[in-house]
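Chain by chain, the residues:
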Amino acid sequence: MALPRKLLQAIKPQASRFFPQPAEMLKGKRVIVTGASTGIGEQIAYHLARMGSHLLITARTEAQLQQVVAQCLELGAASARYINGSMEDMKFAQAVVKKAEELWGSLDMLILNHIGKSYFNYFDWDIRHVQKLMDINFLSYVTMTISALPMLKNSGGSIVVVSSMAGKIGFPFTVTYSATKFALHGFFSSLRQEFVMQNTNVSITLCILGLINTESAMKAVSGRFTSPPAPKEECALEIIKGGALRQREVYYRYMDTKIFTVLRDWAPEFIDYLIRKNYNMDNLKQD
Ligand code: NDP
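Residues numbered from 1 in each chain as written. Predicted model: local features only at pLDDT ≥ 70, side-chain atom pairs only at ≥ 80, totals over all residues. Heavy atoms only, no water.

**Q** What exactly am I supposed to notice about the overall build of the protein chain here?
**A** From N to C terminus, the protein chain includes 12 helices and 7 strands. Over its C-alpha trace the protein chain gives a radius of gyration of 19 Å, about what one expects of a compact globule, namely 19 Å for 287 residues. When its C-alpha atoms are laid out on the principal axes, the protein chain stretches across 50 × 45 × 40 Å. In the protein chain, once contacts between residues fewer than 6 apart in sequence are set aside, the share between residues at least 24 apart is 71%. Accessible area for the protein chain stands at about 14,300 Å²; split by element, carbon and sulfur atoms hold 53% of it. (Helix = DSSP H or I, 4+ residues; strand = E, 2+ residues; numbered from the N terminus. Rg over C-alpha atoms; globule rule 2.2 N^0.38 Å. Contact = heavy atoms within 4.5 Å. Areas by Shrake-Rupley, 256 points an atom, 1.4 Å probe, with all protein chains shown as cover.)

Listed below in structure tokens is the structure:
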């Protein structure tokens, strides 16, 4: 993994260098953020609020969403509303987009970020869990995209899909989660191609994240995965920047994620070995 630092810097996209005024670019823009009651989604909402965007946030827990909305208004959001429900239900996924249409009549950015609860352990062979997680983590993303497309086409807007290294490389103990993320990459990468061929002016940004210090992730991997996490606040900002700049992919943190992804097809056994080295099997056996 010891590529020279200068080479790494040279191939890293210099997004921040070309990002003139993030606050200006997103000021007054109408944005849906899913999974915004906690973690990265919550931080995305706060950044957008500081930039003066109109926000519609969603998750299941109403009390938590109310707090995030109040905080967004305090931080300077042009407006902030929420709608609560479960993305297990595709009617709810459609209702979120409908709500945006009722509120604004238009949409500039759709940030798809929510995930259903899973486990961090050996695959448990429960097909119902696989189906449920595919619904929440994948099908609801597709459903919302279909519903939002007419508005996004009108505004020349953006779709931002929050994914993971586990959507690019097989990681142990996240078998089902990983399957849902790979599905997102297949769907949205293919769709991006068709958008180009059809001159559809809607950008698609896939965000490939390493371990981030959200409460749920830290709890899940505690004592079992030894790689250090990156901060959720900075991660959220990189996701917004990538979407605003209409980048095809965002890697965060870049050094930890891009290099693994590049080497994945050149040295797959080596990359698999390096990944397994980050797992603490002793702690796993205590479950
Ligand atoms: P969190 O667990 O902190 O947040 C998940 C969000 O989804 C919450 O707002 C939660 O709210 C909501 N949610 C959960 N279940 C449902 C449901 N059935 N219907 C609707 N909303 C639901 O996750 P993170 O912030 O850690 O992760 C955010 C994104 O980043 C995900 O896409 C994840 O895959 C990705 N990522 C995260 C990494 C990390 O280390 N944190 C690493 C790589 C990628 P509520 O429970 O109230 O519904």
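Now that the structure has been shown, the text picks up again.
**Q** What should I look at first to understand the side chain of Ser 53 in this one?
**A** Summarising the element assignment, Ser 53 is placed in the loop between helix H3 (39–50) and strand E2 (54–59). Sequence-distant contacts of Ser 53, defined by excluding residues within four places in its chain, comprise Leu 26, Gly 28, Lys 29, Val 31, Leu 48, Ala 77, Ala 78 and Ser 79.

**Q** Teacher, can you tell me more about the site of the ligand here?
**A** In the neighbourhood of the ligand, 29 residues make up the surrounding shell, with Ser 37, Thr 61, Tyr 177, Thr 214 and Ser 216 lying closest. Here an oxygen atom of the ligand sits 2.7 Å away from a polar atom, N or O, in the side chain of Ser 37. At 3.1 Å, a side-chain N or O of Ser 86 approaches a nitrogen atom of the ligand. Relative to its free-state accessible area of 890 Å², the ligand is covered by the protein chains to the extent of 91%. Where the shell around the ligand is concerned, the elements lending two or more residues are H3, strand E5 (158–164), helix H7 (175–197) and helix H8 (215–221). Considering every element that reaches the shell around the ligand, the biggest residue donor is E5, with 3 residues. Class assignment for the residues of the shell around the ligand results in 12 nonpolar, 15 polar and 2 charged. (Near = heavy atom within 4 Å. Polar contact = N/O pair within 3.5 Å; in protein donor to acceptor, adjacent residues only side chain to side chain. Nonpolar A, V, L, I, M, F, W, Y, C, P; charged D, E, K, R; others polar.)

**Q** What should I look at first to understand the environment of Ser 86 in this one?
**A** Turning to its location among the elements, Ser 86 is positioned in the loop between strand E3 (79–84) and helix H5 (90–104). Linking Ser 86 and Ala 59, residues 27 residues apart in sequence, is a C-alpha distance of 6.8 Å. Those residues within four positions of Ser 86 in sequence are excluded, and the remaining contacts are Arg 60 and Phe 92.

**Q** Help me out: how do you make sense of the pattern of salt bridges in this one?
**A** Pairing is possible between side chains of opposite charge, provided their charged atoms come close. Counted by the stated rule, this structure contains 6 salt bridges. A salt bridge links Arg 30 to Asp 108, with the shortest nitrogen-to-oxygen separation between them at 2.9 Å. Taken together, the residues span a long stretch of sequence, with Arg 30 in strand E1 (residues 30–34) and Asp 108 in the loop between H5 and strand E4 (109–112) at a distance of 78 residues. On the basis of relative accessible area, Arg 30 is assigned to the partly exposed category, the value being 24%. Residue Asp 108 is classed as buried on the basis of its relative accessible area of 9%. Here Asp 126 makes a salt bridge to Arg 128, at a shortest N to O gap of 3.5 Å. (Salt bridge = Lys/Arg side-chain N within 4 Å of Asp/Glu carboxyl O. Buried < 20%, exposed > 50% of the residue type's maximum accessible area, 1.4 Å probe, protein only.)

**Q** How do you make sense of the environment of Leu 110 when you look at a structure like this?
**A** Locating Leu 110 in the fold gives a position in strand E4. Owing to a relative accessible area of 0%, Leu 110 belongs among the buried residues under this scheme. Taking C-alpha positions, Leu 110 is 21 Å from Tyr 177, a pair spaced 67 residues apart along the chain. What Leu 110 contacts, discounting residues up to four positions off in sequence, is Ile 32, Met 144, Thr 145, Ala 148, Leu 152, Ser 158, Ile 159 and Val 160.

**Q** Looking at this structure, how should I read the pairing of E5?
**A** Remark: a regular strand shows side chains that alternate across the two faces of the sheet. Taken across its 7 residues, E5 has 7 buried, putting it largely inside the fold. Along E5, one buried face is formed by Ser 158, Val 160, Val 162 and Ser 164 and the opposite face, lined by Ile 159, Val 161 and Ser 163, is buried too. Relative to E5, E4 is paired through 4 bridges, and the arrangement is parallel. What sits directly across from Leu 112, in E5, is Val 161. As for the winding sense of the linkage, the β-α-β connection from E4 through helix H6 (residues 127–155) to E5 is right-handed. Note: E5 against strand E6 (residues 203–209), 7 bridges, orientation parallel. Residue pairing for E6: Ser 158 is matched across the bridge by Ser 203. (Pairing = 2+ DSSP bridges. Right-handed = clockwise from strand over helix to strand, strands pointing away.)

**Q** How do you make sense of H7 when you look at a structure like this?
**A** Compared with the 33 Å implied by 1.5 Å per residue over 23 residues, the 34 Å span of H7 between its first and last C-alpha is a close match. All of the buried residues in H7 are Thr 176, Ser 178, Thr 180, Lys 181, Ala 183, Leu 184, His 185, Phe 188, Leu 191, Arg 192 and Phe 195. Residues of H7 that are buried sit in contact with E4, H6, E5, E6 and strand E7 (249–252). Positive phi appears at Asn 199, one or two residues downstream of H7, with a value of about 55°. (Expected span 1.5 Å × (residues − 1).)

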